[in-house]
Structure formats: C-alpha cells, structure tokens
Amino acid sequence: MTTQTLDRSATATDGPSPATPLVTGLGVTAPNGLGTEAWWAATLRGESGIRPVTRFDAGQYPAKLAGEVPGFDPAEHVSSRLLPQTDHMTRLALAAAAEALSDAGIDASELPDFSAGVVTAASAGGFEFGQRELEALWSKGGHHVSAYQSFAWFYAVNTGQISIRHGLRGPSGVLVTEQAGGLDAVAQARRQLRKGVPVLLTGGVDSSLCPWGWAAHLAGGELSTVEDAARAYLPFSADASGHVAGEGGALLVLEDSAAARGRGVRGYGTVAGYAATFDPPRGMGAPRLGAAAELALADAGLAAADVDVVFADAAGRRDADRAEADALAALFGPRGVPVTAPKTMTGRLAAGGASLDLAAALLALRDQVIPPTVNVAEPAADCPVDLVTGEARPAALRTALVLARGRGGFNAAMVVRAAG
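The notes below deal with the structure included here.

Parameters and conventions
- Residues numbered from 1 in each chain as written.
- Predicted model: local features only at pLDDT ≥ 70, side-chain atom pairs only at ≥ 80, totals over all residues.
- Heavy atoms only, no water.
- Helix = DSSP H or I, 4+ residues; strand = E, 2+ residues; numbered from the N terminus.
- Buried < 20%, exposed > 50% of the residue type's maximum accessible area, 1.4 Å probe, protein only.
- Lys, Arg positive; Asp, Glu negative; His and termini not counted.
- Salt bridge = Lys/Arg side-chain N within 4 Å of Asp/Glu carboxyl O.
- Contact = heavy atoms within 4.5 Å.
- Axes fitted to C-alpha atoms, helices over the stretch in contact; angles between N-to-C directions.
- Nonpolar A, V, L, I, M, F, W, Y, C, P; charged D, E, K, R; others polar.
- Pairing = 2+ DSSP bridges.

**Some points on the side chain of Asp87**
Looking at the secondary structure, you find Asp87 in the loop between strand S5 (65–67) and helix H2 (88–104). One buried charged side chain, Asp87, makes no salt bridge at all; its nearest oppositely charged neighbour is Arg132, positioned 6.0 Å away. For Asp87, the contacting residues outside a window of four places in its chain are Gly126, Phe127, Glu128, Phe129, Ala152 and Ser207.

So this is what it looks like as structure tokens:
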C-alpha cells in the first residue's frame, strides 16, 4: 500500500482502456443518518444532523456545533479484537465498507486473490486515538502508550483495516487532499480499474471531533462560531460566517460496467469524468475550481449544457462562495443550472465530504430528485446560482457535476451519469 499523489492540473485518463467505471455499491455514515437509505431519506426531508458537540465538552471553545454520526455503536460494526486497535474514524469506515460491499452483492471471500483493491482518502488520521495515547504519554510515561498507536493514527489506516478485514489484497492506496480527497480517491480507483483491477472499494470517511482535532479546526480560522444550528453554516448566503465541522462520509464500490451487468447488477451510475487543479499562492492568480470543472467535462466528452445539477463545494465563507459562484456562472451562465449543497445538513466532513456528495449525486440520478440546501433562504446577490433551497426539487436528471476544494489549494471535479 502506498500514499498516492496526483497531478493537480490533469484529468484521470491514464492509458487507454475499455473499462467503464460503474458504482455498484454505497455505504454511508453521516451526521443525519447511519446507513445509505436512512441518510438519503433524511437528506430529502431536509433533516439536519448539526447539533451541539457531545463527544467532548466544547463549552470553553468559540465553536460549539458539529455534525456527529448518531446512534453509532462500534461493537455492532467492529469485532471486539479490533476495538482496542481502531480510532472512531476507522470504525465508521469499516461500517461503511461492509455496507458498500453488501449493497454491491460482493462476497470478498469468493473473489480471486489480488482482484479487489481499496483506495480511500483521509485528512487527519486517527486524531482521537492519538490524543488519548499522547495523554497517556504525558501523564504516565511511554510504557503506557498503546502499541496500536503506531498505525491507528495513520492516514492510510482505513485502507489497511478495510483491506485486512475483507481480504482485498489488490492495488490499494490513500489520498491526502482534505475535502477534495473523496473525489481524488475515486479517481485513483478509476485508474486502477482501467488497468484491469476488477473491483475497487473507494471514497472517504473522516473524523476528528476531539479536543486536539478541534484545536486544529479552530486554528484554520474557518469554523463558524454561531451557536444557532440553523444559522451557523450558510453557503452562498449574505450571512455566511464559516462552516461547521462534521464526521463520516461514504465508500463506493467501483466495477467495470460490462462485468457488473454480466452478473445482473444495474448499478447507480458511471464515473464519466474527473479532473483536479491546484490554486496558485494567494495573490498570484485566480482560483482554478472552474478549470477543474471544465477539464472534468472534457474528460467525460460532455458540454456544460449536458449537466443537470451541480453539487457544490459550498465553503460557507463569503470570498470562497463568491469564487465558486463566479466559476459556475462562467461555465453555465448566471443561474444556469440547479446547484445544491446537502452538506448544510452534515457540516463539512473533510475527506468524507466529497464522497458523500458523490453518493448524493448518484442517488439523485436514481430517484430523479435534487436534495435541498437547508437554512439558506436565498443566495446573496453576488452569488448568481440557482440554489435548490427549502425542499427537494424533482427534476429530469441524467448528468451531475460534483465539486470539492481542500485546504491548501486542492480542487477536484467529477462527472457522474445515470446508469443504463
């Protein structure tokens, strides 16, 4: 297993291959629903999972809200042997992986050796586990630090634990590009599929809701300090004041469409295009999210007019929201395509956020409905987007564009198309 890096100004068309990547399974752990269908039903209803932090006492911190996965009992998803070895993040990932494989109808024990791989994204690693062991080190000494700390904190631990649990010994890796990672990981899985690997489990699940992680979130200067959950995270709004941090994400099973349909699986949709760009240093050029979207459409062989809905990055900061709105207006025209940000119900999930948006896009294509952006009455005048607000909007959907931006200048865009 290796840590993968990407050319941030290129598409993912590495070498010719007839393989068409079809998503055949989804697994979700999200602040407004545990499990894919529970989360999706809550999302269509506009139910938010953003609440006061319960995982630790946030009373003395300026930011007090988070999106925490509800009702998650790790003992129901992780063996007693693994519990002492794993961070909360990895337990969530193991639950999502098991659901995705089951949803795809794949029994990993029946697969040939080395025929299935795992590519995930992470941004923080096992922060909560790491904090606990550092506290033991400081208060009791090195002999009281768990040997499992050697890997439980690591960015690649989700990939490793999923691979071990399900015997997925094919090409594997991890992407570390913060919020963009959920798309970058799927793109890397698509590369492996095109190289002949039959099955890839991919996406991102993240969590860093502990005092140590919270200090890092606050140091970034982008958390909203508004204490009203309905007013804290308002992307594209004139009242935007930052974002709310959350945990969870989505894992997806990618297979070649011909092989999947040969075993009677229709799937959710195909990964038709992808691109990544990197923003120049501040003051040295314009943000390049729009370029990523254009390149992803070119990779898919599509035009802007073919896109039926955009799942926005939705930073929740006035400058970043304006930049994204301007990029969308330049590509589609002002208010030229429906735009939504269902992450207003979960918060921004770091590496898990974009893969959860990707799952939402695929389910939107399946059900012909656009989930809403909650709490935003209307976009600001300087954000000329057709934002889907209030309630879900029925629509004829064939193609969706998913956008993501990670801290440090990472941009990613992915195009998915309906199955069939």
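**Digging into the packing of helix H3 (residues 127–140) against helix H7 (residues 211–219)**
Remark: H3 packs on H7, axes separated minimally by 8 Å, with the N-to-C direction vectors making an angle of 115°. Facing Phe127, Gly130, Gln131 and Leu134 of H3, the residues of H7 in contact are Pro211, Trp212, Gly213 and Ala216. For the contact of H3 with H7, the residue count by class is 5 nonpolar, 3 polar and no charged.

**Re unusual backbone geometry**
Look at Phe114: it is not a glycine, yet its phi comes out positive at around 65°. Tracing the backbone through its elements, the reader meets Phe114 in the loop between H2 and strand S6 (116–121). By relative accessible area, Phe114 is classed as exposed at 53%. Although it is not a glycine, Gln368 sits at a positive phi angle of roughly 60°.

**Quick look at the pairing of strand S17 (residues 410–418)**
Both faces of the sheet carry side chains from a regular strand, because those side chains alternate between them. Most of S17 is tucked away, with 8 of its 9 residues classed as buried. Both strand S10 (residues 269–278) and S17 contribute to a ladder of 9 bridges, which runs antiparallel. When the sheet's bridge partners are listed, Thr277 is paired in S17 with Asn411. Inspection of the sheet shows strand S16 (residues 399–406) paired to S17 by 8 bridges, in the antiparallel sense. Looking across to S17, one finds that Leu401 is bridged to Val415. Linkage of S16 to S17, two consecutive antiparallel strands, is achieved through a turn of 3 residues, within which Gly408 is found at a positive phi near 100°.

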